[in-house]
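Structure at a glance
As a plain string of letters, each chain reads:
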Amino acid sequence: MGNELKCRVRFDKEKSEGKALLETNEIIFRGDFRLKIPFSTIQSAKVTNGELELRTLAGVAIFELGAGTAEKWRDKILHPKTRVEKLGVKSGARVVMLGFWEAEFREELAGRTKIVSTGVLNTDTEWIFWKVATKAELKELSKIAKSMRGAAAVWVVYPKSLRSITEGDVLAAGRAEGLKDVKVVGFSTTHTALKFVIPVSQRR
């Protein structure tokens, strides 16, 4: 995934090799030390010779990302896409929401499209957002997959770092229904979103 990279990071007097992850609203580093830098705490972001320097309330973090990548990450930090844009929802798209959703995401979708329904799957639906909490709920994916037509997509949104449901569980459930996983994004600080579509060769 383009937003995850092995690199070296310097933070104050510490240096470490590790893995940096650029999320929707924060940048995370895991190495000999860990960093979690919300975009809201970044005072300035600049690039010099392939190094991304983030000046934050806690100190200065320098990510050695390389030319090109450093500039892309800086631009994403300074001009982040909205969550709905990152999920790919186009203006006027037909959306169905399944499961319990907070008002915040409902409002974000409403700002993008007015064609949003809850709990009713139709053959003309373009986007399905399904929020699950446990592995047991994934058995319902069979019903969802049968309702999908053409280029329709389902985003399965599930909790991060829980044993009760893992990325492997979600991937296995989708593949068992003949769906193809095409994208993973950080939906929020607590949830991950995994996108499935019908393989092009099998679309009706």
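Residues numbered from 1 in each chain as written. Predicted model: local features only at pLDDT ≥ 70, side-chain atom pairs only at ≥ 80, totals over all residues. Heavy atoms only, no water.

This part covers the pattern of salt bridges. Under the criterion given, the structure shown has 14 salt bridges. Linking E23 and K160 is a salt bridge whose minimum nitrogen-to-oxygen distance equals 3.5 Å. Highlighted residues: E23 in the loop between β2 (14-22) and β3 (26-30) and K160 in the loop between β11 (153-159) and α5 (167-176), separated in sequence by 137 residues. Close ionic contact of D181 with R175 constitutes a salt bridge, the shortest N to O distance being 2.9 Å. Residue D181 is classed as partly exposed on the basis of its relative accessible area of 25%. (Salt bridge = Lys/Arg side-chain N within 4 Å of Asp/Glu carboxyl O. Helix = DSSP H or I, 4+ residues; strand = E, 2+ residues; numbered from the N terminus. Buried < 20%, exposed > 50% of the residue type's maximum accessible area, 1.4 Å probe, protein only.)

Looking now at the pairing of strand β6 (residues 51-56). Sheet analysis places strand β5 (residues 42-48) next to β6, joined by six bridges and oriented antiparallel. What sits directly across from A45, in β6, is L54. Turn length for the β5-β6 hairpin, with the two strands adjacent in sequence and antiparallel, is two residues, and the turn residue N49 shows positive phi of about 50 degrees. Following β6, the chain reverses through three residues before pairing antiparallel with strand β7 (residues 60-64); G59 in that reversal takes a positive phi of roughly 145 degrees. (Pairing = 2+ DSSP bridges.)

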